[in-house]
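Structural overview
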Amino acid sequence: MKIVQFFKKRPIFGAIITVLLVAGIYIAIYLPMALNMPDINGSEMGSGAVDGGGENTSAGDLYATMLPSIAPIGRCFYHTYLLAQSMTVGGVKAFGYAMAFIGIVAVLAALGTLLAMWQFKRISQGVYENNGSTASSKKQGEVKQASLKKALIRKEFSSILRSSNLLIQSGMMVILPPILIFFLGTIQVKATNSFVAIAVAELIIKLMTSSNTISILAVSRDGEGALIAKTMPISAEQILWSKIFVGFVFSAITVTLSTVALAFVGGVNVLQVLGFFLSNILYAWAVNRFCVYRDLKKPRVHWKNIQEIIKNNFSSVIPMLLAFIPGLLVMGPTMVFGLVLSNLNTYAIGAIYIATTLLISGVYYAIVKLTTKNNVEELWDRIE
């Protein structure tokens, strides 16, 4: 109980610890794979050489090389390891492994149920993480300052920094894409070429920036403070702009760190890095605008604990599903450029990649801009 209270009083510290723990798990999974991945010329897969040695390398040889680094990781996930063992051995051992798997799953389910019951009890007793609408309404009263934009932005950052749940969600979005892009990119460069690595990176960054909880719950996370904001002499456009900007700040950090991670992937040139950064910065602004306006259409402002709207919010899936469209539209051509045009100069292919990815992000931005420019004040007045 004291540990829980300690982290509740220090949401930023708790969020940092949680994000670092998850990041450590991802690094532990992908680092052995990246280190043990052999250098293979992608155009010679199945009939080419490894490191110029002249030996034929098939997909089976590739997996056989990687298996020793992956197997120890699999043993760390005891329940799935036991399930796999039950399918590969026979007799009494198979039954024993299966029962062990079922037992572990049952214990985890029981622990999860007990934890959920304890959490629900805490919520029902009125222990609110954000003090309901009190904090929001109090902050709304501080908007009477010389610079309205700065006041609104400050209010947005303040509400986020008080919520460990929002910080953890945002921290995951910021820290996981660079890790995935670096390790998966390194693996793809060794197996194929840098353009396949960039194609994977494009899909990852678009999916992750589309899962920005800060923007997805832009209006809902204000709680009943949004109702108070309606009575203030502030236009809905100004309020929504501040929410888009703050969400974009977190997404821009994600894009910047991911660009740095991509730059350290071997074989990636400056044009590829530049195109990746520019197109995804534009995409980040567009997707945050889309998420904010989507939440404005049907916000959930009546809640006691912000976890209620974070965990039970199906609308958060929609932006990620839609992100597959621009993600795949960039991913497909980029992989084709790298595999089909491999005989061209890499900088020439990089220039084609920049034009393609900027075009797709620009079209996405234009569509979002056109579909979110009307009825803002009307939608704001409908909040109840």
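Everything that follows concerns the structure shown earlier in this document.
If you're wondering where the values come from, they're calculated on a predicted model, not measured in any experiment.

Here's the deal with the environment of Pro 299
Tracing the backbone shows Pro 299 in the loop between helix 13 (270–297) and helix 14 (307–311). Expressed as a C-alpha distance, the spacing of Pro 299 and Ile 309, which sit ten residues apart in the sequence, is 9.7 Å. When sequence neighbours within four positions are dropped, the list of residues in contact with Pro 299 reads Val 219, Ser 220 and Ile 383.

Description of the pattern of salt bridges
This structure, assessed with the given rule, holds six salt bridges. A salt bridge links Arg 221 to Glu 156; its shortest N-O distance comes to 2.6 Å. In this pair, Arg 221 sits in the loop between helix 10 (213–216) and helix 11 (225–229) while Glu 156 sits in helix 7 (residues 148–161), placing the two residues 65 residues apart along the sequence. What makes Glu 156 buried here is its relative accessible area of 2%. With its nearest N and O atoms 2.6 Å apart, the salt bridge here joins Asp 222 to Lys 243. One end of the pair, Asp 222, is in the loop between helix 10 and helix 11; the other, Lys 243, is in helix 12 (residues 236–263), and 21 residues separate them in sequence. Of the two residues, Asp 222 and Lys 243, both sit in the buried class. Linked by salt bridges that have partners in common, Lys 155, Glu 156, Arg 221, Asp 222 and Lys 243 make up one network.

A word on the packing of aromatic side chains
This model, assessed by the stated rule, comprises five aromatic pairs. With a centroid separation of 5.3 Å and an interplanar angle of 10°, the aromatic rings of Trp 241 and Phe 245 are classed as stacked. A residue pair is termed a helical-turn pair when its members lie 3 or 4 positions apart in one helix, as Trp 241 and Phe 245 do in helix 12 at four residues. The ring of Tyr 283 carries Lys 206 above its face, with NZ or CZ at 5.2 Å from the centroid.

Some details on the nonpolar core
Core analysis: the largest hydrophobic core is formed by 54 residues, its most contacted members being Ile 160, Leu 262, Phe 276, Tyr 353 and Tyr 364. No other element matches helix 9 (residues 194–209), which puts ten residues into this core. Judged by nonpolar contacts, the second largest core, of 19 residues, contains Leu 152, Ala 236, Val 292 and Leu 296.

Observations regarding the layout of surface pockets
If you add up the space inside the second largest pocket, you get close to 310 Å³. What lines the second largest pocket is a set of 15 residues, among which Phe 290, Leu 322, Tyr 364, Ile 367 and Val 368 lie closest to the centre. Elements that contribute at least two residues to the lining of the second largest pocket include exactly helix 13, helix 15 (317–340) and helix 16 (346–371). Split into classes, the residues belonging to the lining of the second largest pocket amount to eleven nonpolar, two polar and two charged.

Quick word on helix 8 (residues 164–191)
Taking 1.5 Å per residue as the helical rise, helix 8 with its 28 residues ought to reach 40 Å, and the 40 Å between its terminal C-alpha atoms agrees with that figure. Of all the bends in helix 8, the greatest reaches close to 25° and is centred on Leu 176; the proline Pro 177 follows between one and four positions later.

A look at the packing of helix 12 against helix 13
Packing of helix 12 against helix 13 brings their axes to within 8 Å, and their N-to-C directions diverge by 150°. As far as their axial angle goes, helix 13 and helix 12 are roughly antiparallel. Viewed along their axes, helix 12 and helix 13 form a crossing whose handedness is right-handed.

A word on a nonpolar patch on the surface
Residues Val 107, Leu 108, Leu 111, Leu 114 and Met 117 make up a contiguous nonpolar surface patch of about 510 Å² in total accessible area. The topology assignment puts Leu 108 in helix 5 (residues 91–124). Here Leu 108 falls in the partly exposed class, since its relative accessible area comes to 48%.

What counts, and at which threshold
Residues numbered from 1 in each chain as written. Predicted model: local features only at pLDDT ≥ 70, side-chain atom pairs only at ≥ 80, totals over all residues. Heavy atoms only, no water. Helix = DSSP H or I, 4+ residues; strand = E, 2+ residues; numbered from the N terminus. Contact = heavy atoms within 4.5 Å. Salt bridge = Lys/Arg side-chain N within 4 Å of Asp/Glu carboxyl O. Buried < 20%, exposed > 50% of the residue type's maximum accessible area, 1.4 Å probe, protein only. Phe/Tyr/Trp six-rings, centres within 6.5 Å; stacked < 30°, edge-to-face > 60°. Lys NZ or Arg CZ within 6 Å of the ring centre and 35° of its normal. Core = buried A, V, L, I, M, F, W, Y, C linked by side-chain atoms within 4.5 Å. 1 Å grid on protein atoms, 1.4 Å probe; cavity = no way out; pocket = protein on both sides within 12 Å on 5 of 7 lines; lining within 4 Å. Points joined across faces, edges and corners; volume = space filled by probe spheres on them. Nonpolar A, V, L, I, M, F, W, Y, C, P; charged D, E, K, R; others polar. Expected span 1.5 Å × (residues − 1). Bend = angle between axes of the 7 residues up to and from the residue. Axes fitted to C-alpha atoms, helices over the stretch in contact; angles between N-to-C directions. Parallel < 35°, antiparallel > 145°, perpendicular 65-115°, else oblique. Left-handed = near helix turned anticlockwise from the far one by under 90°. Patch = residues over 30% accessible without salt bridge, like charges linked within 9 Å, V, L, I, M, F, W, Y side chains within 5 Å. Areas by Shrake-Rupley, 256 points an atom, 1.4 Å probe, with all protein chains shown as cover.

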